[in-house]
Amino acid sequence: MDQPLTHVTEPRRRAAVAFIFVTVLLDMLAFGIVIPVLPHLIEQLAGGGIANAAWWVGIFSTVFALVQFGFSPVQGALSDRFGRRPVILISNLGLAVDFVVLALAPTLWLLFAARIVLGMTAASFTTANAYIADITPKEKRAAAFGMLGGAFGLGFIIGPGLGGFLGDISLRLPFWVAAGLAACNFLYGLFVLPESLPKERRTPRFELHSAHPLGALKLLRRYPQVLGLAIVMFLVYLAHYVLQTTFVLYADYRYGWGPQAVGFVLMLVGACDGSVQAFLTGRLTPRYGERRVLVWGMLCGIGSFLLMGLASTGWVFLLGIPLMALWGLSGPPIQSIMTHQVDPTEQGRLQGAIASLGSFAGIFGPYLFAQIFAFSISPQSPIHLPGLAFVVSAVLLLIGTVIAARITRHTPDHATIITNEPEPRAAAVPSDLSPIAVTRPADPTEPSP
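Predicted model, so just to flag it, every value in this text is computed and none were measured. (Residues numbered from 1 in each chain as written. Predicted model: local features only at pLDDT ≥ 70, side-chain atom pairs only at ≥ 80, totals over all residues. Heavy atoms only, no water.)

J.: An account of the nonpolar core is requested, with residue identities and associated values reported.
T.: Phe-305, Phe-317 and Met-338 are the most contacted members of the largest nonpolar core, which has 54 residues in total. Secondary-structure elements contributing two or more residues to this core are α9 (213-221), α10 (224-255), α11 (259-288), α12 (290-310), α13 (314-327), α14 (331-341), α15 (347-377) and α16 (388-407). Considering each element in turn, this core owes the most residues, 17 residues, to α10. If sequence neighbours within four positions are ignored, Phe-305 has contacts with Ala-239, Val-242, Leu-243, Met-324, Trp-327, Phe-390, Val-391, Ser-393, Ala-394 and Leu-397. Counting 47 residues, the second largest nonpolar core, distinct from the first, contains Ile-20, Leu-108, Ala-144 and Leu-193. (Core = buried A, V, L, I, M, F, W, Y, C linked by side-chain atoms within 4.5 Å. Buried < 20%, exposed > 50% of the residue type's maximum accessible area, 1.4 Å probe, protein only. Helix = DSSP H or I, 4+ residues; strand = E, 2+ residues; numbered from the N terminus. Contact = heavy atoms within 4.5 Å.)

Pasting the structure below:
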């Protein structure tokens, strides 16, 4: 399985997409399982009570984001040079080993070191997106990225709930289960996953000067539309941190929701988001086009955050969840349009740059929204609006919507181009899974395969 496939058929392409879906799902499960127990393990090892543990949790989160910010472009560049398969396999093996270390860590510093390595080895998300760009025709990429979003949503539904259940049995049991999932993913890929990037389409050398965040920004600058959409992606990532940072405290302060109610709401969020990503993106983009779906999704995000921020009762807040799920429609078209503009040999670095933007938002986003929430409920605040952080997120998305609408107004819509064209005859193709190979019409001078 080390060599790329020599013939591409639609069933085999779908099988490869299904494998990447399973890869992302298992990785998301592994990460989700440890979410409910990692803070408690930190508290156990740090000592000094909840306040000290909270400080260390903040340090862990910030350092993890910094590491991912620095290493995501490296991972993408490595996959452009050596192929997607080895990077995904090494990532999964590294995750398995790292979760074992987390499960056994007797001291806080060893736990901290393991968390840093975890940020370095978490490459499969970046490389999975590049893999999808390799094997999927342009008109189907938004739907394929939507499938990956569905895997994220499904993992978010199952992972934290399973982690909480296992954590009640033993605080370190979720880490062992996460290690087992990552190991199964490695074995699955070792025997099943084909390479998607043939040698002739790889970069000739690994260039360190382009395999860091600033080098990744240079890549974005070469493509003006990609740079504009990268800014939109950054605003989307930044706005999303309002949920991770303030939702639990906000729901408790304004609606009196305890841990159980918050858990049910998060499951609802994951279920709605996963359903939209998996089932609606692939149906709406061919019919209405990537640009329209992108703008509609962003408008739904603006509406959801305004509704959540201004809702005086819990049931009104819940009405914003389906709208927020529809916001997820915007992500796959943004990524799809960006992949159309970038050379096939640079898809890995593009995905690394996108991942770095998310990590960069994670460096200061939590602090920003935490401070806004604290300001909004302070007795000394001139504006007493507990949902002010959500309103700020809506403003960020509004800015992103304006940028996206302007920068894509003349972009050809690959998702709708083929709807009125006859389906090309299948043909023998070079030894890869590239979308160029998938969609290349048969040469009439060639014999039929």
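That shown, we press on.
J.: Now, about the confidence of the model for the chain: what can you tell me, with residues and values included?
T.: With 80% of its residues at a pLDDT of 70 or more, the chain shows a mean pLDDT of 76. Between residues 1-8, whose pLDDT stays under 50, and residues either more than four places distant or in other chains, the model counts 30 contacts. pLDDT under 50 marks residues 418-449. Its contacts with residues more than four places away, or in other chains, come to 61 contacts. (pLDDT = per-residue confidence, 0-100.)

J.: Can you break down the packing of α10 against α12 residue by residue, with the values?
T.: Where α10 meets α12, the axes come as close as 11 Å, and the angle between the chain directions of the two elements is 25°. Judged by the inter-axis angle, α10 sits roughly parallel to α12. Relative to α12, α10 is oriented so that their crossing is left-handed. Between α10 and α12, the residues in contact are Val-232, Val-236, Ala-239, Val-242, Leu-243, Tyr-250, Arg-254 and Tyr-255 and Met-298, Phe-305, Met-308, Gly-309 and Leu-310, respectively. The residue inventory of the contact of α10 with α12, partitioned by class, reads 11 nonpolar, one polar and one charged. (Axes fitted to C-alpha atoms, helices over the stretch in contact; angles between N-to-C directions. Parallel < 35°, antiparallel > 145°, perpendicular 65-115°, else oblique. Left-handed = near helix turned anticlockwise from the far one by under 90°. Nonpolar A, V, L, I, M, F, W, Y, C, P; charged D, E, K, R; others polar.)

J.: Give me the lowdown on the packing of aromatic side chains, citing residues and values where you can.
T.: If you walk through the whole model with that rule in mind, you get 14 aromatic pairs. Arranged with centres 4.9 Å apart and planes meeting at 45°, the rings of Tyr-250 and Phe-390 form a pair that is tilted. Residue Tyr-250 is found in helix α10, and its partner Phe-390 is found in helix α16; the two are separated by 140 residues along the sequence. On the basis of relative accessibility, which here comes to 0%, the residue Tyr-250 falls in the buried class. Among the residues examined, Phe-390 registers a relative accessible area of 1% and is labelled buried. Through pairs of rings, three or more aromatic residues link up here, namely Phe-247, Tyr-250, Tyr-253, Tyr-255, Trp-257, Phe-305, Phe-317, Trp-327, Phe-373 and Phe-390. (Phe/Tyr/Trp six-rings, centres within 6.5 Å; stacked < 30°, edge-to-face > 60°.)

J.: An account of α13 is needed here, citing residue identities and associated values.
T.: Between its first and last C-alpha, α13 extends 20 Å over 14 residues, near the 20 Å set by a 1.5 Å rise per residue. Among the residues making up α13, those that are buried are Gly-314, Val-316, Phe-317, Gly-320, Ile-321, Met-324, Ala-325 and Trp-327. (Expected span 1.5 Å × (residues − 1).)

J.: Just give me the short version of the packing of α10 against α13, but keep the residues and values in it.
T.: At a closest axis distance of 13 Å, the pairing of α10 and α13 adopts a crossing angle of 165°. Relative to α13, the element α10 is oriented roughly antiparallel. As for the relative orientation of α10 and α13, their crossing is left-handed in sense. Where α10 approaches α13, its residues Val-236, His-240, Leu-243, Phe-247, Tyr-250 and Tyr-255 are matched on the opposing element by Gly-314, Phe-317, Met-324 and Trp-327. A breakdown of the residues in the contact of α10 with α13 according to their chemical character gives eight nonpolar, two polar and no charged.

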